[in-house]
Structure formats: C-alpha cells, structure tokens
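The residues making up each chain are set out below.
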Amino acid sequence: PKCGFSKQTVGIFEDLKAEYGTFDILTDDEVRQGLKKFSNWPTYPQLYIDGELIGGLDIIKEMVESGDLQTMLPKKVDLETRLKELINLGEITIFMKGEPKAPQCGFSRQLMEIMFETKLDFKHFDILTDNDVRQGLKKFSNWPTYPQVYVKGEFVGGLDIVKELKQEGELISTLKGEC
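Attention in this report is confined to the structure presented alongside it. Remember, predicted model here, so these are calculated numbers, not experimental data. (Residues numbered from 1 in each chain as written. Predicted model: local features only at pLDDT ≥ 70, side-chain atom pairs only at ≥ 80, totals over all residues. Heavy atoms only, no water.)

**Some words on a negative patch on the surface**
No. 1: Negative charge collects at one region of the surface, where Asp-160, Glu-164, Glu-168 and Glu-170 lie side by side.
No. 2: Looking at the secondary structure, you find Glu-168 in the loop between α8 (159–167) and α9 (171–175). (Patch = residues over 30% accessible without salt bridge, like charges linked within 9 Å, V, L, I, M, F, W, Y side chains within 5 Å. Areas by Shrake-Rupley, 256 points an atom, 1.4 Å probe, with all protein chains shown as cover. Salt bridge = Lys/Arg side-chain N within 4 Å of Asp/Glu carboxyl O. Lys, Arg positive; Asp, Glu negative; His and termini not counted. Charge placed at Lys NZ, Arg CZ, Asp CG, Glu CD. Helix = DSSP H or I, 4+ residues; strand = E, 2+ residues; numbered from the N terminus.)

So this is what it looks like as structure tokens:
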C-alpha cells in the first residue's frame with residue numbers, strides 16, 4: 001500500500017487472518033473516480049464485503065473494536081486444512097496435471113486410461129492451477145510426483161502403484177476402499 005490508511009487497513013486484515021483481495025486505485029483513475037460516485041464515499045480505502053460497501057478505515061476500526069468485523073470477514077484457510085478438504089473431494093480423488101479428458105503429461109494420461117477402464121467415478125484436482133497445493137501435497141503425502149490417488153482421504157500412491165495394483169488384480173477393490 002502506498003498510503004498510511006491503506007497500510008493500516010491491510011494490517012488489520014492480516015492481524016485478523018482474513019481472506020481478502022485488493023485493487024490498486026492508483027492504476028486506473030476512471031475506476032478511482034467512478035467508485036467514489038458509485039459508493040458515495042469520497043475517500044480510500046473502501047471495504048466491500050459481498051459487493052456491499054462497509055466503509056473506510058474509521059468504520060473498520062470501530063467494527064474491529066466492537067467485534068462485528070471479525071464475524072463478517074472470510075478467514076484464510078491454512079494449507080494443511082485445505083489439503084485435507086481436497087483429498088476428500090470424493091470417494092476417489094486424483095491430483096493430476098490437467099483434466100481427465102485433457103491430461104497435461106504422459107503419467108496423468110496413462111492414469112486416466114486406467115481409470116476410465118475401471119468405470120469408477122472419481123473427482124480430480126488439476127495441480128497446474130494451484131502451486132501451493134502442488135508443492136504442499138508432495139510434503140503432505142510424502143510422495144514427490146504426480147499424479148497422486150487418494151481413496152476415502154487415504155493416499156494410495158502414484159501411477160506406478162496403480163499399475164502394480166492393476167497387475168495384481170487388486171485395483172478395483174483398492175479404489176472401492178475394500179482393501
């Protein structure tokens with residue numbers, strides 16, 4: 001932030017561990033002037049929650065003191081919590097490069113061929129869309145490569161493990177959570 005009021009506002013949001021976004025009004029004078037008219041609020045920063053103007057720094061400070069702001073702000077979710085949610089997207093969740101019908105690497109493509117053969121439903125997450133998840137899941141699972149397969153929130157393995165399970169005739173029962 002380039003001004004003291006904005007720095008204070010960002011500091012408050014960081015202290016509250018709030019999930020928030022910003023727009024630099026100094027980069028677009030049309031937006032800067034238009035927003036003043038739209039909101040009927042002549043100064044910056046301006047806080048909006050769900051598209052509604054809450055107010056400026058003075059209002060933010062008052063709401064923090066009363067405890068009202070804390071209940072209104074969305075909270076940041078730590079990476080481990082997010083990963084636990086993602087590995088439980090479905091009974092079977094696959095972390096891969098790309099989409100099931102458009103894999104972005106050979107290993108993901110091979111896994112999708114195997115998964116389509118099983119005719120089992122699964123959820124997926126494209127790790128190319130989120131580097132925090134991509135790097136964090138490697139540590140979380142203690143597995144350095146992708147794709148990664150989870151069944152009922154439990155790590156099964158990567159492509160090599162899936163191929164091995166298929167060869168041993170245990171893939172379907174493993175994917176159904178029966179093993």
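**A few points about the packing of aromatic side chains**
No. 1: Tallied over the entire structure, the rule returns 6 aromatic pairs.
No. 2: Ring plane angle 45° and centroid distance 5.2 Å describe the contact between Phe-13 and Tyr-20, whose orientation is recorded as tilted.
No. 3: Classification of Tyr-20 as partly exposed rests on a relative accessible area of 28%.
No. 4: Here Phe-95 and Phe-125 contribute two aromatic rings whose centre-to-centre distance is 5.9 Å and whose plane-to-plane angle is 45°, an arrangement assigned as tilted. Taken together, the residues span a long stretch of sequence, with Phe-95 in strand β3 (residues 92–96) and Phe-125 in strand β6 (residues 123–126) at a distance of 30 residues. Of the two residues, Phe-95 and Phe-125, both sit in the buried class.
No. 5: An aromatic cluster is present here, built from Phe-95, Phe-125, Trp-143, Tyr-150 and Phe-155 joined pairwise through their rings. (Phe/Tyr/Trp six-rings, centres within 6.5 Å; stacked < 30°, edge-to-face > 60°. Buried < 20%, exposed > 50% of the residue type's maximum accessible area, 1.4 Å probe, protein only.)

**Observations concerning the nonpolar core**
A general trend in soluble globular proteins is that nonpolar side chains are found buried together.
No. 1: In this structure, Ile-92, Ile-94, Leu-111, Met-112, Met-115, Val-149 and Leu-175 are the most contacted members of the largest nonpolar core, which totals 15 residues.
No. 2: In terms of residue count, helix α6 (residues 106–118) provides more of this core than any other element does, 4 residues in total.
No. 3: Residues contacting Leu-111, with those up to four places away along its chain left out, are Ile-94, Pro-147, Val-149, Leu-159 and Val-162.
No. 4: Counting 12 residues, the second-largest nonpolar core is a separate cluster that includes Ile-12, Ala-18, Ile-60 and Met-63. (Core = buried A, V, L, I, M, F, W, Y, C linked by side-chain atoms within 4.5 Å. Contact = heavy atoms within 4.5 Å.)

**Quick notes on unusual backbone geometry**
No. 1: Backbone torsion omega between Tyr-44 and Pro-45 reads 5°, so that peptide bond is classified as cis.
No. 2: Within the secondary structure layout, Pro-45 lies in the loop between α2 (29–39) and β1 (47–49).
No. 3: Look at the link from Tyr-146 to Pro-147: it is a cis peptide, with omega at 10°.
No. 4: Structurally, Pro-147 is set in the loop between α7 (131–141) and β7 (148–151).
No. 5: Phi at Lys-152 takes a positive value of approximately 50°, unusual for a residue other than glycine.
No. 6: Within the fold, Lys-152 resides in the loop between β7 and β8 (154–157).
No. 7: Residue classification places Lys-152 among the partly exposed residues on the basis of a relative accessible area of 45%.

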